[in-house]
Amino acid sequence: LAGVRAALPYVAGYLPFALAIGALARQTTFSPLAGWSSSWLIYGATAQVVAMEQLDAGASIAVVVASSAIINLRLLAYAGALAPRWQGARTRWTAVASAVLVDPAYVIAHDRWTRDGGTGTADTVWHRHFYLGAAGALWITWVAETGIGTLLGPRLAAVLPGEALAPLMLAVMLGLLARDATSRWVAAAGLVLGVPAMAIPEGAGPVVAAVAAVAAIALVRRVGR
Amino acid sequence: MTAWLALAGAGVVAFALRAAIPLGHARWRIPDTVAEWCRLGAVAAVAAPLAGSLVESPGEITAATLAAPAVAAVTAGVTRSLPIALGAGLLLHIAAGVLP
């Protein structure tokens, strides 16, 4: 229950965002049920918005999957950090814990782990329960809140301008992700390269632009050394 | 059907990324450099479609089209809050539509 309590501020804070994503699912050209299902299939606001935006623009399955993979690569790093603390847990528990891993769940678990002294001091079993309480609460409420947003879609559309919703949400996510100088340069490169990349067929432009942006900044950093 | 398949495929990949290390090789540690490039990749993967959605209809670009996302991004960076940033962007967009 300590984990659930720790997740409550995030649950409340994410409510308008979840409602907006649910409303976005209702405004797409494909099935609203498919849009909402991304909440439990993909489970990650950024990847969900990008996937819906790309599908709406007619992108192919491969492009949507590739974009989602690039966006979710950071989950590999979170999982790598948490895995040593999950050693000894049952396979089924680990599978469920992995499935509900998302940014705030990692932040909550990592903060508490650090506060309790970290490796060698913190009680691993207690922290496993703490993590699953927090991550489980986040998952259940996210799926429910986006579901409510999808159901209320037409009513929310009256207050949420549909055509502005996707770019606004992507901009907010960008603001949260671009925390330091390097990531702001990568963001700027992605924005600049994203425009000409629109000419690439099959909706593959964003994926190509993203890879090119990271490669360009890597090259600049290497040359600068 | 395409949407379902794409979302299911993206879901399988997302689960694989979440579970590969804990389920497969719990002793693996991700090098900091790799984690850093993963993080930067996520930033670029959000920036590129944002640029695309902003210039989708060049004839219809207004000041609000560009200003509202910019304000939302800066607000998110400063406040670290999703709802506040989204609210600020929406307010500006609505205000720009109402004002002459």
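Predicted, not measured: the structure shown is a model, and the values here were computed from it.

Draft legend 1. Broad picture of the overall build of chain A. Helix and strand content of chain A: 11 helices and 0 strands. Counted from the first residue to the last, chain A has its helices and strands arranged as α-α-α-α-α-α-α-α-α-α-α. Expected size for 225 residues packed as a compact globule is a radius of gyration near 17 Å; at 19 Å, chain A falls within 12% of this value. Relative to its 225 residues, chain A shows a buried fraction of 55%. About 9,800 Å² of surface is accessible on chain A, with carbon and sulfur atoms providing 67% of the total. Once the 15 positive and 10 negative side-chain charges of chain A are each reduced to a mean point, those two points are 9 Å apart.

Draft legend 2. Structural context of the confidence of the model for chain A. Residue-level pLDDT values for chain A average 83, and 94% of them are 70 or greater. Of all the helices and strands in chain A, helix H8 (residues 153–159) of chain A carries the lowest mean pLDDT, 69, while helix H5 (residues 91–99) of chain A carries the highest, 92.

Draft legend 3. Layout of H5 of chain A. Every buried residue of H5 of chain A is listed here: Trp93, Thr94, Ala97 and Ser98 of chain A. Down the axis of H5 of chain A, the sector holding all buried residues measures 130 degrees, keeping them to one side. Along H5 of chain A, the residues that are exposed and aim more than 90 degrees away from the buried face are Thr91 and Arg92 of chain A. Those residues of H5 of chain A that are buried are in contact with helix H7 (124–151) of chain A together with helix H1 (2–24) of chain B.

Draft legend 4. Region of interest: the interface of chain A and chain B. Contact residues are listed per partner, giving 81 residues for chain A and 61 residues for chain B. When the two sides are added together, the surface that chain A and chain B hide from each other amounts to roughly 6,200 Å², 80% of it contributed by carbon and sulfur. Together, Leu76, Leu168 and Leu176 of chain A form the three largest contributors to the area buried by chain A at its contact with chain B, with a combined 10%. Between the two partners, chain A and chain B, sit 0 salt bridges. Listed by contribution, the elements that provide at least two residues to the side of chain A that touches chain B are helix H1 (2–27), helix H2 (32–41), helix H3 (45–56), helix H4 (61–82), H5, helix H9 (162–177), helix H10 (181–194) and helix H11 (205–224) of chain A. The element contributing the most residues to the side of chain A that touches chain B is H4 of chain A, with 15 residues. In terms of residue class, the side of chain A that touches chain B is built from 57 nonpolar, 18 polar and 6 charged.

What counts and how
- Residues numbered from 1 in each chain as written.
- Chains lettered and ligands numbered in written order.
- Predicted model: local features only at pLDDT ≥ 70, side-chain atom pairs only at ≥ 80, totals over all residues.
- Heavy atoms only, no water.
- Helix = DSSP H or I, 4+ residues; strand = E, 2+ residues; numbered from the N terminus.
- Rg over C-alpha atoms; globule rule 2.2 N^0.38 Å.
- Buried < 20%, exposed > 50% of the residue type's maximum accessible area, 1.4 Å probe, protein only.
- Areas by Shrake-Rupley, 256 points an atom, 1.4 Å probe, with all protein chains shown as cover.
- Lys, Arg positive; Asp, Glu negative; His and termini not counted.
- Charge placed at Lys NZ, Arg CZ, Asp CG, Glu CD.
- pLDDT = per-residue confidence, 0-100.
- Arc of directions from axis to C-beta.
- Contact = heavy atoms within 4.5 Å.
- Buried area = accessible area lost by both parts, 1.4 Å probe.
- Salt bridge = Lys/Arg side-chain N within 4 Å of Asp/Glu carboxyl O.
- Nonpolar A, V, L, I, M, F, W, Y, C, P; charged D, E, K, R; others polar.

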